Amino acid sequence: MNALDNKKARNHVNRLCLAAGVTLIESGSAGYLGQVTVIRKGESECYECLPKPVAKTFPGCTIRNTPSEPIHCIVWAKHLYSQLFGEPDADNDVSPDTELIPIDEYNNDENMETLEKNEEGHEVTHRLSTRTWMEANNYDSKKLLQKLFV
C-alpha cells in the first residue's frame, strides 16, 4: 500500500513492486479529493504509465509545511507578498503561526493570536492576518522572517 507525498518516491515504489511481482495499491489525496488505484504487473498499467497532469495549484499544507519542489517556494513567496502588499482578501489570508501558543503568552504583541471568551464562556482563538500582524510591527522584516522561518 502506497500513500507517499511525492512523485519520485511513488515511482521508486512502483518499480520495486513491478520487479518483485507485488501488487501495489497506490493512493493519494489533494484537499478533499482522493484516489486509489490497484497496480498489478501484467494486468494493469503501472504508476509511471498513467499520465499525470501538471499541477497548476498546490495544497496550502504542501506550500506552507512540506515544500519539496522549487515551485512550492515560489508560490509561497508570491502568496505572502500578495498578503502583505496586495489587495486585502480575508478568504485567502493565512497566519504565519501554525502551532498553538501557550495560554500565558496570549495577547502579547509578538503573537499572531488572541484568546477571548465567547458568549457561552468558552475560550476562542482568533488569529491575526499576516498583514495585520505586520502593520502592528511596522513591517519589521526581521520579525517576519523569524515568525515564518525560525
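Note that the structure is a prediction, hence the values are computed from the model and not measured.

The rules we used
- Residues numbered from 1 in each chain as written.
- Predicted model: local features only at pLDDT ≥ 70, side-chain atom pairs only at ≥ 80, totals over all residues.
- Heavy atoms only, no water.
- Helix = DSSP H or I, 4+ residues; strand = E, 2+ residues; numbered from the N terminus.
- Buried < 20%, exposed > 50% of the residue type's maximum accessible area, 1.4 Å probe, protein only.
- Areas by Shrake-Rupley, 256 points an atom, 1.4 Å probe, with all protein chains shown as cover.
- Core = buried A, V, L, I, M, F, W, Y, C linked by side-chain atoms within 4.5 Å.
- Contact = heavy atoms within 4.5 Å.
- Expected span 1.5 Å × (residues − 1).
- Arc of directions from axis to C-beta.
- Salt bridge = Lys/Arg side-chain N within 4 Å of Asp/Glu carboxyl O.
- Phe/Tyr/Trp six-rings, centres within 6.5 Å; stacked < 30°, edge-to-face > 60°.

### Notes on the overall build of the chain
The helix and strand tally for the chain stands at 5 helices and 4 strands. Counting all 150 residues of the chain, 26% fall into the buried class. Counting only carbon and sulfur atoms, one obtains 55% of the accessible surface of the chain, whose full area is about 10900 Å².

### Comments concerning the nonpolar core
Core analysis: the largest hydrophobic core is formed by 7 residues, namely Trp76, Leu80, Leu84, Trp133, Met134, Leu144 and Leu148. Looking at this core, the elements with two or more residues in it are helix H3 (70-85), helix H4 (130-136) and helix H5 (141-149). The biggest single contributor to this core is H3, with 3 residues. Not counting residues within four places of it along the chain, the set of residues in contact with leucine 144 comprises Leu84, Thr130, Trp133 and Met134. In terms of nonpolar packing, the next biggest core, distinct from the first, is built from 5 residues, Cys17, Ile39, Cys46 and Tyr47 among them.

### Some details on the environment of glycine 34
Secondary-structure assignment places glycine 34 in strand S2 (residues 33-39). Not counting residues up to four positions away in its chain, the partners in contact with glycine 34 are Gly28 and Ser29.

### A word on H3
The end-to-end C-alpha distance of H3, which contains 16 residues, comes to 23 Å, matching closely the 22 Å that a straight helix rising 1.5 Å per residue would cover. Within the span of H3, buried status applies to His72, Trp76, His79, Leu80, Gln83 and Leu84. Taken end-on, H3 shows its buried residues confined to a sector of 125°, consistent with a single buried face. H3 presents Pro70, Lys78 and Tyr81 as exposed residues on the side facing more than 90 degrees away from its buried surface.

### Side note on the pattern of salt bridges
Counted under the stated rule, the structure contains 3 salt bridges. Close ionic contact of glutamate 26 with arginine 10 constitutes a salt bridge, the shortest N to O distance being 1.9 Å. Of the two residues, glutamate 26 is situated in strand S1 (residues 24-30) and arginine 10 in helix H1 (residues 7-20); the sequence distance between them amounts to 16 residues. The pair formed by glutamate 26 and arginine 10 is uniform in burial state, with each residue classed as buried. The residue arginine 40 makes a salt bridge to glutamate 43 at a minimum N-O spacing of 3.7 Å.

### Brief notes about the packing of aromatic side chains
On inspection of all chains with the given rule, the structure shows 2 aromatic pairs. On the basis of an interplanar angle of 50° and a centroid distance of 5.0 Å, the ring pair of tyrosine 81 and phenylalanine 85 is categorised as tilted. With tyrosine 81 and phenylalanine 85 both in helix H3, this residue pair falls 4 residues apart, about one helical turn. By relative accessible area, which is 56% here, tyrosine 81 ends up exposed. An angle of 25° between the planes, with centres 5.8 Å apart, marks the rings of phenylalanine 85 and tyrosine 139 as stacked. Linking phenylalanine 85 in helix H3 with tyrosine 139 in the loop between H4 and H5, this pair joins segments that are 54 residues apart in sequence. On the basis of relative accessible area, tyrosine 139 is assigned to the partly exposed category, the value being 32%.

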